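# Commentary on secondary and tertiary structure
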Amino acid sequence: MAEVTPNADENPWKKLNVAIQDADTLRQEAVEAHTEHLITEIETLEGPLATTLRAVYDGEGVDYFMEKLDARIKGHDHEIERMCNYHYQGFIDSIRELQQVSGDATKLKGEIQGLNRELKFSCDPLLSKGDELVKYRKIQKNVTLAIESLSLCLPVLEMYGKLQEQMKCKRYYPALKTLEQLEHTYLPRVLNHWFSQTMAEAIPRLRERIKDASMVELKDFLESIRKHSAKIGEVAMRHAAEQNNMDPSIAKKRVKTRRAPPPPNPFTGEVEDVAPSPPTNNSDKEEELSAQDLIDFSPVYRCLHIYSLLGDKEKFESYYRSQRWKQAWLSLQPPPNMHESLDLFKKYFHDIIGFFVVEDHILHTTQGLVTRSHMDELWEKTVEKLSATLRITWKSCKLASLMLEVKKLIVLFCHTLKGYGFSVGRLLELLLEMRDRYSVILSDQWIDVFTDIFTEDNYTPILCDKPEDYVIICSQFPYTDKELDKSEYPRQFPFSQFVPSIYVQVKEYINACLKFSADLHLSHTEIDDMIRKSANQLLTKTLGACLSKLIKKPSLSLLQLIQISINMNYLEMSCEYLEEYISSLTGAEKDSVHIARLHGSSMFKDARSEAEQQIYQQLNLKIDEFLDLASYDWTISDSKGQASSYLMDLVVFLKSIFMSFTNLPEKVAKTACMSACQHIASRLMALMLDNEVKLLSMGAFHQFNLDVMQCEQFAASAPIPDSNDGTLQMAFTDLRQLLDLFINWDWSVYLADYGKQQSRYLRVPRHIAVSLLEKLNNGDKKKNNLFASLKKNERDKKRLIETVLKQLKVLENGAA
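Described below are features of the structure shown in this document. (Residues numbered from 1 in each chain as written. Predicted model: local features only at pLDDT ≥ 70, side-chain atom pairs only at ≥ 80, totals over all residues. Heavy atoms only, no water.)

A cis amide bond links Y489 with the next residue in sequence, P490, at an omega value of 0 degrees. Structurally, P490 can be placed in the loop between helix 14 (482-486) and strand 2 (491-492). Look at N337: it is not a glycine, yet its phi comes out positive at around 55 degrees. Here N337 shows up in the loop between helix 8 (313-331) and helix 9 (342-365). Of note, Y459 is a non-glycine position whose phi angle comes to about 55 degrees, a positive value. Here Y459 is to be found in the loop between helix 12 (425-456) and strand 1 (463-464). (Helix = DSSP H or I, 4+ residues; strand = E, 2+ residues; numbered from the N terminus.)

Below, the structure is given as structure tokens:
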């Protein structure tokens, strides 16, 4: 719409110059000016009219505004009409030209339609091909997109298939690596595909499957290692024996040497191909497998790496250690009746060594699964339990040979584990305790040895008919006698067979003790002290008790006791040779101040003293057997003129017995002889003083005197060498003085010298004299001769007896 410019005369603002205007005029002019301004804005404004229209409707002159707007529109219409009239001729010309153009256009349209028909006819095949081309272009595009999608999906599917194959083949560690690549590298490329979400959701479950499968494999490994621990320990002990120059058979029988297939790679699970070794002859020595080569540790490594990658390493370490400690505790439980079989001991030690060999290998091939502090803790608990088990076990053991083999096993056990860095000091100290028990068992076994020797001995001096027998005895026992060496055969030793037998067995005991000291790394002095201590225990307690039991046997004869006493002398002298033998075995200096002495000499002295006492007792018992045969007629009027037969037999027996005392020490023989004489004297005195003997006659005194004289003659005949000094006769002094007093009727001298040291009848006690006088007086009263009382001599004798009795009683009362 063209802008209409008002004339100057029509300018409403000029009316403002009017000086005086009334209020209505001013108000009307203001409305007109405002309305004009709004219309001008509507005409000129190119933007939205909302503000202007709001101003119109918010004001009071809406109707006036509409009138002015209509007037303005009419003015513009008039202006348009004027302008159209001015340009009408040009418009008509344009219409004519347009009509002409319309005809040309129609003609052109026909031509175009013809061309179109021709073009359509000619382009139909092209269009058809074009449609096909478009179609194929779409197909090609889809194929390209499919190829691109497949290019992205195929690696994912291939990795997933590879994962499934690895899981199927139990190659869990490679499967875990494949799973990591699948999750972080391949799956992000195919997030727009539906199966990627399914795979992503399955990944945690696959990880758990891998963890569970590796744990199952670990459990199988733990079960397998439990079964093979004994074999691992056996191989380790055999290697340790070879390295320490010990007998490998201590461990167990040697297994066939063969090369085991190499273990699979713990991460890939693949087994390397190894060229087959050429066959070797049986005489060729194949290389032994180490203990670690007997077990495939890859399950542990795989499980450890899997749990480490999955962030559960601590859980795995805790589980592994707890399970291994349970297996260690099972290994430490001794099999039933282990003290009865060496094979059970071997299996027990093999299990323990196998456990620690495996743990040591795990310690050095992993990081943190097994630590040195954990191993030390396990070892301390093992040593404590092992020590307690062995202490209980060997208390039940009864065989020294088994104890010795067990000791060798313990020593080899210590060498084996020491080679793996474990401290074995407490176990070596345990062997010292075991040594004491070993000595006790040896001593108990030697009780039977000594008892058999005593049972088999004939208790007679050894008689050698041939030089070979003589050489054998001299080689068994250190006895030298130049005269015996020069004498003719048969040659007789002073001792019986049990002397060399005991000496040989004591040496065997010493050798057995020495065997226990081997491989204990003790000094010569310590070994010497140990053997001497054990030898002293054998001599003083074991052999001493056996000898004491032997000597006290009631079945031993007097000659056997004499031979035992003689044997004790030579065994006592042999102790010096035993000390030299021990020093030669141990290498300790004989004169060292630290060397303990054998107590065998004192023990043999005590045994000899006990045997001598038994000799004295047996001799007295034999004497009692003869004296029990004594049968006296105490009322006989005259003697038989010769000694009693029982006493003659006793003297003959004593002479033969004392002839066998030749090899006894002089002091012992004299003591035995004196003891026999004293016992005979006391028994003869007891016969006269027996309360059952009420009557006595002088004939009985004379007969008894003949028997005492026979005993005195025996004592004076020097029944043993160098016994003719009158000592033996002193045993019968009491009897001699008593019989002389009665036979010589020398009461005046007895009464006169009573109480004096120089009295001839000093050894006749007053009460004995009174008792015998009363028995003699009673005997005279019972005589059957009725006229004996008329004889003057009998009357005088009777008065004399009564007088002597009164005087003796007076002396007795005075003494009281």
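What follows concerns helix 1 (residues 23-44). Between its first and last C-alpha, helix 1 extends 32 Å over 22 residues, near the 32 Å set by a 1.5 Å rise per residue. Of the positions making up helix 1, those classed as buried are E29, A33, T35, L38 and I39. On its buried face, helix 1 is in contact with helix 2 (50-58) and helix 3 (62-86). (Expected span 1.5 Å × (residues − 1). Buried < 20%, exposed > 50% of the residue type's maximum accessible area, 1.4 Å probe, protein only. Contact = heavy atoms within 4.5 Å.)

Another aspect to go through is the packing of aromatic side chains. Scanning all chains against the criterion turns up 35 aromatic pairs. Residues Y750 and Y761 carry aromatic rings whose centres are separated by 6.4 Å and whose planes lie at 55 degrees to one another, so their mutual orientation is tilted. One end of the pair, Y750, is in helix 23 (residues 747-752); the other, Y761, is in the loop between helix 23 and helix 24 (766-781), and eleven residues separate them in sequence. With respect to class, Y750 is no different from Y761; both count as buried. Grouping aromatic residues by their ring pairs yields a cluster made of Y470, F477, Y479, Y489, F493, F495, Y503 and Y570. When the ring centre of W325 is taken as reference, the NZ or CZ atom of K381 above it lies at 5.1 Å. Above the face of the Y581 ring, K507 is positioned so that its terminal group lies 4.7 Å from the ring centre. (Phe/Tyr/Trp six-rings, centres within 6.5 Å; stacked < 30°, edge-to-face > 60°. Lys NZ or Arg CZ within 6 Å of the ring centre and 35° of its normal.)

Attention now goes to the nonpolar core. Ranked by size, the top nonpolar core spans 184 residues in total, and within it F450, F454, L619 and F658 carry the most contacts. If we skip the residues at most four places from it in the chain, L619 touches L558, F653, L654, I657, F658, A672 and A676. (Core = buried A, V, L, I, M, F, W, Y, C linked by side-chain atoms within 4.5 Å.)

A pair of packed helices is characterised by two quantities: the angle between their axes and the separation of those axes. Where helix 19 (residues 645-659) contacts helix 21 (residues 698-716), the axes come no closer than 10 Å and their chain directions differ by 10 degrees. As judged from the angle between their axes, helix 19 and helix 21 are roughly parallel. Like other packed secondary-structure pairs, helix 19 and helix 21 cross with a definite hand, here right-handed. In this structure, helix 19 uses Y646, L647, M648, V651, L654, K655 and F658 to contact helix 21, whose residues at the interface are D707, V708, Q710, C711 and F714. Looking at the contact of helix 19 with helix 21 residue by residue, the classes come out as nine nonpolar, one polar and two charged. (Axes fitted to C-alpha atoms, helices over the stretch in contact; angles between N-to-C directions. Parallel < 35°, antiparallel > 145°, perpendicular 65-115°, else oblique. Left-handed = near helix turned anticlockwise from the far one by under 90°. Nonpolar A, V, L, I, M, F, W, Y, C, P; charged D, E, K, R; others polar.)

Quick look at the pattern of salt bridges now. For the structure on display, the rule yields 27 salt bridges. In this structure, the salt-bridge partner of E317 is K313, at a minimum N-O distance of 4.0 Å. Here E317 and its partner K313 are both found in helix 8, four residues apart, which amounts to about one turn of the helix. By relative accessible area, E317 is classed as buried at 13%. Its relative accessible area of 31% is what places K313 among the partly exposed residues. One salt bridge in this structure joins R426 and E380, with 3.3 Å as the shortest N-O distance. One end of the pair, R426, is in helix 12; the other, E380, is in helix 10 (residues 372-396), with 46 residues separating them in the sequence. (Salt bridge = Lys/Arg side-chain N within 4 Å of Asp/Glu carboxyl O.)

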